[in-house]
Amino acid sequence: MAGIRFSGVTKRFDDGTLAVDDLDLEIRDGEFMIFVGPSGCGKTTALRMIAGLEHPTTGQILIGERVVNDLDPVDRDIAMVFQNYALYPHMTVRDNIGFPLRMQKLDREERRRRIGSAAKLLGIDELLERKPGALSGGQRQRVAMGRAIVRHPTAFLMDEPLSNLDAKLRVQMRAELVKLHQRLGVTTLYVTHDQTEAMTLGERVAVLNRGVIQQVDTPGELYSRPANTFVATFIGSPAMNFLRARLSGGAIEFAAYRFELPAGARERLGVAEGDILFGLRPEHFFDPRFAPAGAAGNLLPVTVELIEQLGSETLLYFRADGVAAEQASEGEVELGGALVARLDPRTQAAPGERLSLGVDIERAHFFDPATGNAF
């Protein structure tokens, strides 16, 4: 096994498109790393450069201690799992899994042993004589995984491998991928646009936008301490709410409201006065009628626009009098739009109804309105 390192890697295509911009990142030996971001952010281009399917314009890519910029894909000792499975329809499952071993000219007994081991690990040992056309989507994805596993590569590269599966099967396959990585311990780079996959699969997650890494951290840290408004809006569903406000005398003021800031927030901000963008996750609101004993917070009068009762929770979309809410779209913060709260499932309300929501200001996030960077 081996780690993977990007050192000052830039990729500019012939038409001038800058896909990856000065990428510096180390994926540790045995780590499960996620690249996540919107379409066109550079995540797949970065993966393809590791595979040798694209060549960096500048910089170096290392697998282990080897610089692989000029190595052919076959010489990089990596295995890829694609979005479309890339199985040979005329071959059996056994032959599809064993195809790379035939290319390596391994003897028949070793091929049989590796194929059997991979098939058993993935729970497809009873499907070895079938052809891909007779398999479900999940079974075909397991065959693609088996073909990668038998090679015993130094690293796995996975390009949105679950995107063609239905929602229920994606959840199941995510759990299986985590267990598989725990058993194999092979360095893995997984590319996805789905932040749920990123948060549930990755030991660390790199959030990309326009070819630049915005933040690399554990899923928990990305969610609780986003580096900027892009990360704050891309990670989390529904996205973080933003309000334009002003700091004044140890309090935050917006419209007709003034909320005193806790000591920790005042210390972190380090400024006495000025404009600020503050963010609240949907769960940072609460319905006072169903709040836990001892819960305290500032009350915000709101008008209900829409309510979604999901069984385990209620999502309430609302507007507050005089408040210019900010709406996030793929990380860009734009004026307009409703706020959203994740509330107790017992909360019921009708569009147009007036009610008050508690605001847990101690959990708020604060950003520079000019740069978007977190304080």
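Let me begin by describing the structure that accompanies this report. Only a predicted model underlies this, so the values are computations on that prediction, with no experimental measurement involved.

Criteria and thresholds
Residues numbered from 1 in each chain as written. Predicted model: local features only at pLDDT ≥ 70, side-chain atom pairs only at ≥ 80, totals over all residues. Heavy atoms only, no water. Pairing = 2+ DSSP bridges. Helix = DSSP H or I, 4+ residues; strand = E, 2+ residues; numbered from the N terminus. 1 Å grid on protein atoms, 1.4 Å probe; cavity = no way out; pocket = protein on both sides within 12 Å on 5 of 7 lines; lining within 4 Å. Points joined across faces, edges and corners; volume = space filled by probe spheres on them. Nonpolar A, V, L, I, M, F, W, Y, C, P; charged D, E, K, R; others polar.

1. Considering the sheet that holds strand β17 (residues 314-320)
Strand pairing within a sheet occurs via backbone hydrogen bonds; the two strands may be parallel or antiparallel. Read across the sheet, five strands follow the order β15-β21-β16-β17-β20 without closing on themselves; strand pairing throughout is antiparallel. The open sheet has two edge strands with one neighbour each: β15 (285-286) and β20 (339-343). As judged from the six bridges shared by strand β16 (residues 298-309) and strand β21 (residues 354-359), these two strands associate in the antiparallel manner. Looking at β21, one finds that asparagine 298 is bridged to valine 359.

2. Quick word on unusual backbone geometry
The amide bond that connects serine 237 to the next residue, proline 238, takes the cis arrangement and shows omega of -5°. As for its position among the elements, proline 238 is in the loop between α8 (229-234) and β11 (241-248). Positioned with a positive phi, lysine 105 is a non-glycine residue whose angle comes to about 60°. When you line up the elements, lysine 105 lands in the loop between α2 (93-103) and α3 (108-122).

3. Some words on the layout of surface pockets
Here the idea is plain: a probe the size of a water molecule rolls over the atoms and shows the empty space left. Size it by volume and the largest pocket reaches roughly 590 Å³. Contributing elements (two or more residues each) for the lining of the largest pocket: β6 (78-81), α2 and α4 (137-149). By residue class, the composition of the lining of the largest pocket is 14 nonpolar, one polar and three charged.

These values are about where atoms sit, not about what they do.
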